[in-house]
Amino acid sequence: MKLYGATMSWNVTRCAVALEEAGAEYEIVPINFATAEHKSPEHLARNPFGQVPALQDGDLYIFESRAICKYAARKNKPELLKEGSLAESAMVDVWMEVEANQYTSLLNPILFECLVKPMLGGTTDQKVVQENLEKLKKVLEVYEARLTKCKYLAGDFLSLADLNHVSATLCLFATPHASVFDGYPHVKAWWSGLMARPSVQKVAALMKPSA
Amino acid sequence: MAPVKVFGPAMSTNVARVLVCLEEVGAEYEVVNIDFQAKEHKSPEHLARNPFGQIPAFQDGDVVLFESRAISKYVLRKFKSPKADLLREGNLKEAAMVDVWTEVEAHQYNPALSPVVYECLINPAMRGIPTDQVVVEESLEKLRKVLEVYEARLAKHAYLAGDFLSFADLNHFPYTFYFMATPHASLFDSYPHVKAWWERLMARPSMKKLGATMAPKP
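Residues numbered from 1 in each chain as written. Chains lettered and ligands numbered in written order. Predicted model: local features only at pLDDT ≥ 70, side-chain atom pairs only at ≥ 80, totals over all residues. Heavy atoms only, no water.

## Observations regarding the overall build of chain A
The criterion, for reference: Secondary structure is summarised from DSSP: a helix means a run of H or I of at least four residues, a strand means a run of E of at least two, and numbering begins at the N terminus for each. The size measure is the radius of gyration over C-alpha atoms, and the globule rule it meets is 2.2 Å times the number of residues to the 0.38 power. Whether a residue is buried, partly exposed or exposed follows from its accessible area with a 1.4 Å probe, protein chains only, as a fraction of its type maximum: under 20%, in between, or over 50%, in that order. Residues are treated as being in contact if the distance between any of their heavy atoms lies within 4.5 Å. All accessibility values rest on the Shrake-Rupley procedure with a 1.4 Å probe; residue burial counts only the protein chains present in the view. This count recognises Lys and Arg as positive and Asp and Glu as negative, with His and chain-terminal groups excluded. All charge positions are set by atom: Lys at NZ, Arg at CZ, Asp at CG, Glu at CD.
When you go through chain A residue by residue, the secondary structure sums to 9 helices and 4 strands. Ordered by position from the N terminus, the helices and strands of chain A form the series β-α-β-α-β-β-α-α-α-α-α-α-α. Relative to the 2.2 N^0.38 estimate, which gives 17 Å for 211 residues, the radius of gyration of chain A is 17 Å and therefore close to what a compact globule would have. Referenced to the eigenvectors of the C-alpha coordinate spread, the extents of chain A come out at roughly 50 × 45 × 30 Å. For chain A, buried positions account for 56% of its 211 residues. If you take every contact in chain A between residues at least 6 apart in sequence, the share linking residues at least 24 apart comes to 62%. When the accessible surface of chain A is split by element, carbon and sulfur atoms take 55% of a total near 8900 Å². One finds the centroid of the 22 positive side-chain charges in chain A at a distance of 2 Å from the centroid of its 24 negative side-chain charges.

Written out as structure tokens, the structure is:
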């Protein structure tokens, strides 16, 4: 399989984590935004919105990171989705939605201000960062309560719901604001567990800017 | 089998997202209103269903869920039948296409379209806030670009995930229904395949039935 996009994008590396955990054979093919490669006809055929990531598996093209992650899991490691069990798959879906709608939706502006804007020659808007960190704390309270009851988000089993959090959280730890997790010991423990996984270590290494 | 329960106002877009799925699979359900004015969404009872204090929430016996798309998928899986297989989880390629266009609704379509619904309908009618035309114009610009992609897709297939109705199409119902009640409904006229797809959806009994209960009051 080919995963198109740069490893500095946490939407691309979200897929890399899923592909690694699923044990899929894949390669990352960089897309050069500086030369507008993302708007080239070749790339628009993979992702009509001209964005990354996109995945190619034979003659199948998939885009939108969470759709790609689900495809990788369904194909290579379906136990990450539990689609055979009504109750368990529902929990996986709930916490995958929470990741997208409650958690990463707040990390996105923080990561943009702290990591992307400076690279583009802009200045971090600390007000935006602080507002979103405050909202994130409320969300982490919910996570803390959940992870006090269960080892992982969907229950006592690792699922795609946990894995989908990794890429953006790795980026958060590259900003000065990782300490937001300090008030939430079960969340911290959950995160340490995820960080220890070989797949996550491998993707973390991919994300480091080259020397 | 006891009817499943959906918690939240029936007119709310994310509640309607779940209801259209229940209607399509022919499941028995009841809607239990949550009174926002009385801060019922922040009550301990409701927080036990949805720890973020939002709607919808859902109960089927011991199963308690929140997040409208997760609830919807549970419903579509549980009540799946030969007539109604709206997730296609038995087929890798088809399921992938359902997922792709479900994500597109969430991350491309809705962010462009929903501000128009908020500015033109919800803010004036429910919050006494006047329409911000700048937000409306910016959103319509984004929506045009999104609809160009939809037009190309729907020129090739009758529905978004392929030549079969799926969860991806159903997800578009609530917000698009309200968009059609704004002064900007005619935007869809420039995208004939999109317009035809929308009319096909609205001809379905599920959407006609829910549309009648959701129609903004004059």
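Let us keep going from here.
## A closer look at the packing of aromatic side chains
We describe a pair of aromatic rings using the distance from one ring centre to the other and the angle between the two ring planes. All names here are of chain B. Definition in use: Only centres within 6.5 Å qualify two rings of Phe, Tyr or Trp (six-membered ring in Trp) as a pair; their planes then separate them into stacked at under 30 degrees, edge-to-face at over 60, and tilted for everything else.
All told, the structure shown has 18 aromatic pairs over all chains when counted by the stated rule. Here the aromatic rings of F173 and F177 are separated by 5.8 Å at their centres, their planes lie at 45°, and the arrangement is tilted. Pair noted here: F173 and F177 are both in helix α7 (residues 173-179), with a separation of 4 residues, about one helical turn. For the pair formed by F173 and F177, the shared burial category is buried. Between F179 and F188, the aromatic rings sit 5.6 Å apart at their centres with planes inclined by 45°, giving tilted as the arrangement. Here F179 matches F188 in class, with each residue buried.

## A short note on the sheet that holds strand β3 (residues 54-57) of chain A
All names here are of chain A. As a reminder, the rule being used: By the convention used here, strands pair only if DSSP detects at least 2 bridges between them. A fitted line through C-alpha atoms serves as each axis, taken over the contacting stretch for helices, and the angle formed by two N-to-C directions is quoted from 0 to 180°.
Reading across from one edge, β2-β1-β3-β4 is the order of the 4 strands in this open sheet, with mixed pairing throughout. Here the strands that pair on one side only, and so sit at the sheet edges, are β2 (27-29) and β4 (60-63). Neighbour-to-neighbour, the strand axes of this sheet turn through a mean angle of 25°, independent of strand direction. Bridge count between strand β1 (residues 2-4) and β3: 3 bridges; the pairing is antiparallel.

## Examining the domain arrangement of chain A
Residue and element names in this part refer to chain A. Note the cut-off: Residue ranges labeled as domains rest on an automatic or database domain assignment. Once two parts are brought into contact, the accessible area they lose, counted with a 1.4 Å probe and summed over both, makes up the buried area. Throughout this description, the term salt bridge denotes a Lys or Arg side-chain nitrogen within 4 Å of a carboxyl oxygen of Asp or Glu. Pairing of N or O atoms within 3.5 Å defines a polar contact, subject to two protein rules: one partner must be a possible hydrogen donor and the other a possible acceptor, and residues neighboring in sequence count only if both atoms are side-chain atoms.
Under the domain assignment used here, chain A contains domain 1 (2-76) and domain 2 (82-206). Look at where the C-alpha atoms of domain 1 and domain 2 centre, and you get two points 21 Å apart. Facing the 16 residues of domain 1 at the interface are 23 residues of domain 2. Taking both partners together, domain 1 and domain 2 bury about 1700 Å²; carbon and sulfur atoms supply 65% of that area. The interface formed by domain 1 and domain 2 includes 5 salt bridges. Along the contact surface separating domain 1 from domain 2 lie 10 residue pairs in polar contact (both at pLDDT 80 or more). Of all elements in the fold, only α1 (10-21) and α3 (65-76) reach the threshold of two or more residues within the side of domain 1 that touches domain 2. Among the elements that make up the side of domain 1 that touches domain 2, the one with the highest residue count is α1 (8 residues).

## With respect to the pairing of strand β1 (residues 4-7) of chain B
A regular strand places its side chains so that they alternate between the two faces of the sheet. Residue and element names in this part refer to chain B. Note that β1 and strand β2 (residues 29-32) share 4 bridges and pair parallel. Of the residues in β2, the one forming a bridge with F7 is V32. Summarising the sheet, β1 and strand β3 (residues 57-60) pair through 3 bridges and their orientation is antiparallel. Bridge pairing in β3 links V6 to F58.

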